[in-house]
Amino acid sequence: MNEQRILQTLATAAQGDGPPSVDVAGIVMRRIQKPARRANFLLWTYAAATAVAACFVAAWTAHVLLLEENAALDIIAPVMGALP
Amino acid sequence: MTECFEPNEHDRRDIEAVLSGDGDAYARLVERHQSMIAGRLWRFTRDKRQLEELVADVFVEAYTSLANYRGEGAFSHWISVIATRVGYRFWKRRDRLRIETPLESWDGPIPPTNDPLEAAEAGRQLHKLLDQLPPRDRLVLTLMYWEGLSISRVAEETGWSESMVKVQAHRARKKLRRRLETLENPSKKSAARDNIQGDES
């Protein structure tokens, strides 16, 4: 019996050979939702980090402005006091 | 093997819903097509746990490229191409580990039958016989003989040209013949094995 005949014979005999029943809907949905949840987490982390950085910059700017204001008062006050 | 190539109305509606962000619609698509995909992947593995993993891989891969499905043919046809490629990649990964089933324990072909147990045995034998070949040869013979696909369908499923499919099938049969000859004449065994590995490299 040649190889082609063997293949045909076995393939014909195996026509009724079906797979066991599978139910992968749950597994698939969990796997496709996981990357989405990870992406959401990264987005929130990025937003939080950006907000913290913005607050820090605002606080630093206010601090510098207050220092400059105090320095200006220190200069102006004696000048004002010397005026008649 | 008859197959409907027209887009199914339920599939079309569910795909539109998935693309609009309805996750439940994809679960419906999975439930509708998982048996068909399991049937295809049953040619690639006889292990139930591996089968489930491969079927899940197919649907996850299909989900990530769902936007590329143009709806011109049936969803089942589109996803069966993904299944073939997932199965082929599985064979290639496994082939690197070189796990072989010895052909010495092969009992010869079973005649055609209507008995499901006999059919399962024939399927097991055919799987074992084709397992002697490298993945590329195994793929072409599996699709042509076991799945009963035409040359043009095999070309579509594999992404090869039709002439490439014919050449690959010819080479695969030749390698299988050599392997079967070793059963009749065991002294040819090492030569046949060398030839198969030589052809593959």
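Preceding this section is the structure that the text describes.
Cut-offs used in this document
Residues numbered from 1 in each chain as written. Chains lettered and ligands numbered in written order. Predicted model: local features only at pLDDT ≥ 70, side-chain atom pairs only at ≥ 80, totals over all residues. Heavy atoms only, no water. Helix = DSSP H or I, 4+ residues; strand = E, 2+ residues; numbered from the N terminus. Buried < 20%, exposed > 50% of the residue type's maximum accessible area, 1.4 Å probe, protein only. Contact = heavy atoms within 4.5 Å. Areas by Shrake-Rupley, 256 points an atom, 1.4 Å probe, with all protein chains shown as cover. Rg over C-alpha atoms; globule rule 2.2 N^0.38 Å. Axes fitted to C-alpha atoms, helices over the stretch in contact; angles between N-to-C directions. Left-handed = near helix turned anticlockwise from the far one by under 90°. Nonpolar A, V, L, I, M, F, W, Y, C, P; charged D, E, K, R; others polar. Phe/Tyr/Trp six-rings, centres within 6.5 Å; stacked < 30°, edge-to-face > 60°. Buried area = accessible area lost by both parts, 1.4 Å probe. Salt bridge = Lys/Arg side-chain N within 4 Å of Asp/Glu carboxyl O. Polar contact = N/O pair within 3.5 Å; in protein donor to acceptor, adjacent residues only side chain to side chain. Patch = residues over 30% accessible without salt bridge, like charges linked within 9 Å, V, L, I, M, F, W, Y side chains within 5 Å. Parallel < 35°, antiparallel > 145°, perpendicular 65-115°, else oblique.

Caption draft 1: Just the overall build of chain B, in detail. Helix and strand counts for chain B come out as 9 helices and 0 strands. Counting from the amino terminus, chain B carries its helices and strands in the arrangement α-α-α-α-α-α-α-α-α. A burial count over chain B gives 48% of its 201 residues as buried. Across chain B, the fraction of contacts at a sequence separation of at least 24, relative to all contacts at a separation of at least 6, is 62%. As presented, chain B carries roughly 10100 Å² of accessible surface, and 49% of it is formed by carbon and sulfur atoms.

Caption draft 2: Main features of the overall build of chain A. When you go through chain A residue by residue, the secondary structure sums to 2 helices and 0 strands. Taking 12 Å as the expected radius of gyration for a compact globule of 84 residues, we find that chain A reaches 38 Å, considerably beyond that expectation. Principal-axis analysis of the C-alpha atoms gives chain A an extent of 125 × 30 × 10 Å. Burial statistics for chain A: of 84 residues in total, 18% are counted as buried.

Caption draft 3: Summary view of the environment of W42 of chain B. Along the polypeptide, W42 of chain B turns up in the loop between α2 (23-41) and α3 (48-64). The sequence separation of W42 of chain B and H127 of chain B amounts to 85 residues, and the corresponding C-alpha distance is 9.4 Å. Other than its neighbours up to four places away in sequence, W42 of chain B contacts D17, G18, P19 and P20 of chain A together with D47, L51 and H127 of chain B.

Caption draft 4: Region of interest: the packing of helix α1 (residues 9-19) of chain B against α2 of chain B. All names here are of chain B. At a minimum axis separation of 8 Å, α1 and α2 run at an interaxial angle of 145°. Note on packing geometry: the crossing formed by α1 with α2 is left-handed. Two secondary-structure elements touch here, α1 through H10, D11, D14, I15, A17 and V18 and α2 through A25, Y26, R28, L29, R32 and H33. Here the residues of the contact of α1 with α2 sort into 6 nonpolar, 2 polar and 4 charged.

Caption draft 5: The arrangement of the packing of aromatic side chains in detail. Residues and elements named next belong to chain B. Inspection of the entire model under this criterion finds 5 aromatic pairs over all chains. Where Y69 meets W78, the ring centres are 5.2 Å apart and the plane angle is 50°; that geometry is what we call tilted. Overall, the relative accessible area of 12% leaves Y69 in the buried class. Put simply, the rings of Y69, F75 and W78 pair up and form one aromatic cluster.

Caption draft 6: Looking closely at the interface of chain B and chain A. Across the contact, 42 residues belong to chain B and 28 residues belong to chain A. Of the roughly 3000 Å² buried at the junction of chain B and chain A (both faces included), carbon and sulfur atoms supply 73%. There are 3 salt bridges connecting chain B and chain A. For the pair chain B and chain A, the number of links is 9 residue pairs in polar contact (both at pLDDT 80 or more).

Caption draft 7: Up close: the pattern of salt bridges. All names here are of chain B. Enumeration over the complete set of coordinates arrives at 21 salt bridges over all chains. Between R40 and E157 there is a salt bridge, with its nearest N and O atoms 2.8 Å apart. Taken together, the positions of R40 in helix α2 and E157 in helix α7 (residues 151-158) put the pair 117 residues apart, joining distant regions of the chain. The class for R40 is buried, based on a relative accessible area of 4%. Close ionic contact of E157 with R153 constitutes a salt bridge, the shortest N to O distance being 2.5 Å. Taken together, the residues E157 and R153, both in helix α7 and 4 residues apart, mark about one turn of the helix. The same class applies to E157 as to R153, namely buried.

Caption draft 8: View of a nonpolar patch on the surface. Residue and element names in this part refer to chain A. The grouping of I75, I76 and M80 at the surface amounts to a nonpolar patch, some 320 Å² of accessible area in total. Mapped onto the secondary structure, I75 falls in helix α2 (residues 25-82). Assessed through its relative accessible area of 59%, I75 is described here as exposed.

Caption draft 9: Focus on the packing of helix α1 (residues 3-13) of chain A against helix α6 (residues 135-146) of chain B. Direction vectors running N to C along α1 of chain A and α6 of chain B enclose 55°, while the axes themselves pass 9 Å from each other. In terms of axis orientation, α1 of chain A runs oblique to α6 of chain B. Seen from above, α1 of chain A lies across α6 of chain B with right-handed handedness. Here Q4, L7, Q8 and A11 of chain A of α1 of chain A come into contact with α6 of chain B, specifically with L141, Y145 and W146 of chain B. Within the contact of α1 of chain A with α6 of chain B, the residues separate by chemical class into 5 nonpolar, 2 polar and no charged.

So far we have only geometry, and geometry alone does not tell us how the molecule works.
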